[in-house]
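Structural characterization, general
Chain by chain, the residues:
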Amino acid sequence: MLHLGILDRLDPDTTFEIEGRELSYPTRFRDGSSMMVMMAASADRVQDLISETPFVVAQPMPTKAVVGVNCVHYTDTDCGSYEEIALSVFVEPMDREWRIPWASALGSIIGGEVPSYTWRLGVSSTLSRDCGLRMWGFPKALAELRHTSSPSRERMSWRDGGDTVLELALPGGGRRRSGPISPPVYSLISGRPHVGRLTQSYRGVGYHRRRVEFMLGDHPIADELRDLGLSRPLIGVHNQGLTFEMSAPQPLVSRDLARPLGVG
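About the cut-offs
- Residues numbered from 1 in each chain as written.
- Predicted model: local features only at pLDDT ≥ 70, side-chain atom pairs only at ≥ 80, totals over all residues.
- Heavy atoms only, no water.
- 1 Å grid on protein atoms, 1.4 Å probe; cavity = no way out; pocket = protein on both sides within 12 Å on 5 of 7 lines; lining within 4 Å.
- Points joined across faces, edges and corners; volume = space filled by probe spheres on them.
- Helix = DSSP H or I, 4+ residues; strand = E, 2+ residues; numbered from the N terminus.
- Nonpolar A, V, L, I, M, F, W, Y, C, P; charged D, E, K, R; others polar.
- Buried < 20%, exposed > 50% of the residue type's maximum accessible area, 1.4 Å probe, protein only.
- Pairing = 2+ DSSP bridges.
- Phe/Tyr/Trp six-rings, centres within 6.5 Å; stacked < 30°, edge-to-face > 60°.

Turning our eyes to something else, we now look at empty space enclosed by the protein. Taken as a whole and judged by the stated rule, the model has 1 cavity of 30 Å³ or more. Residue lining of the largest cavity: S33, S34, M35, C71, H73, H147, E154, M156 and H238, and that is the complete set. Counting residues per element, the ones that place at least two in the lining of the largest cavity are β4 (27-42), β5 (64-77) and β10 (153-160). In terms of residue count, the dominant contributor to the lining of the largest cavity is β4 (3 residues). When the residues that make up the lining of the largest cavity are grouped by side-chain class, the tally is 3 nonpolar, 5 polar and 1 charged.

Have a look at this one:
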């Protein structure tokens, strides 16, 4: 097995001019709300889905991967205000052995100990799309996203040309406070794996196993998710407030070969 480390960090003074804004690292996301649902899926099917990447799907349960659907309503960030829905999977760490016991895997994922890779990421603004593509290599694309909120229910929907891709709804509200955690977030830049750290903390956190609604529509992306053999939601999480800080991405390298790790 290759032992992987981190190549030199990007210049911390790197700046980007995007839609008239000057952006730099760490990029700050000061407020918003989010909800997430995690589901078990066939590890083999998810691995096939991301087969063109160097990432290996983590199996916290025998033959099973954990897929996350993350919906965020950003109200105050360096990249503007926007909605976002990310489809991600938890993968094996590339810089250390995967030794998390099955019994504690879900807690380790929630605690930010396991890296994730996002293969689809819909956003509602061109600014957030271009920031994600240029600054971190995230596969962001414009999407028709709608967030609605009531005292008892939070909902986010993704539509495309009138067709529903997916919809997630959770009970609103929560009394817990979480953070900070800094989970590793993997991406590909010019075909090479990179890692960034998303330092995050939350307030008004609620964990839910009941009254979690996750619906897939009649759309190719919905079919892509269906083909993974998704389970019923393992857990849903709603956060009334969030604070994020995203670091510069760093290339992963093989210590044995002393060169950046590429695809193919």
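That shown, we press on.
Now for the pairing of strand β16 (residues 235-246). In terms of residue burial, β16 counts as a mostly covered element, since 9 of its 12 residues are buried. In terms of strand pairing, β4 meets β16 through 8 bridges, oriented antiparallel. Along β16, the bridge assignment pairs F29 with F244. In the sheet, strand β14 (residues 192-208) pairs with β16 via 10 bridges, with the strands oriented antiparallel. Its bridge partner lying in β16, L198 is registered against M246.

The space that makes up the largest pocket amounts to roughly 820 Å³. Lining the largest pocket are 40 residues, with N70, L198, Q200, Y202 and F244 positioned closest to its centre. Considering only residue class, the lining of the largest pocket consists of 27 nonpolar, 11 polar and 2 charged.

By the definition in use, this model includes 9 aromatic pairs. Residues F55 and Y117 carry aromatic rings whose centres are separated by 4.9 Å and whose planes lie at 45 degrees to one another, so their mutual orientation is tilted. Within this pair, whereas F55 is found in the loop between α1 (43-49) and β5, its partner Y117 is found in strand β7 (residues 116-123), the two being separated by 62 residues in sequence. You'll find F55 and Y117 in the same group, each marked buried.

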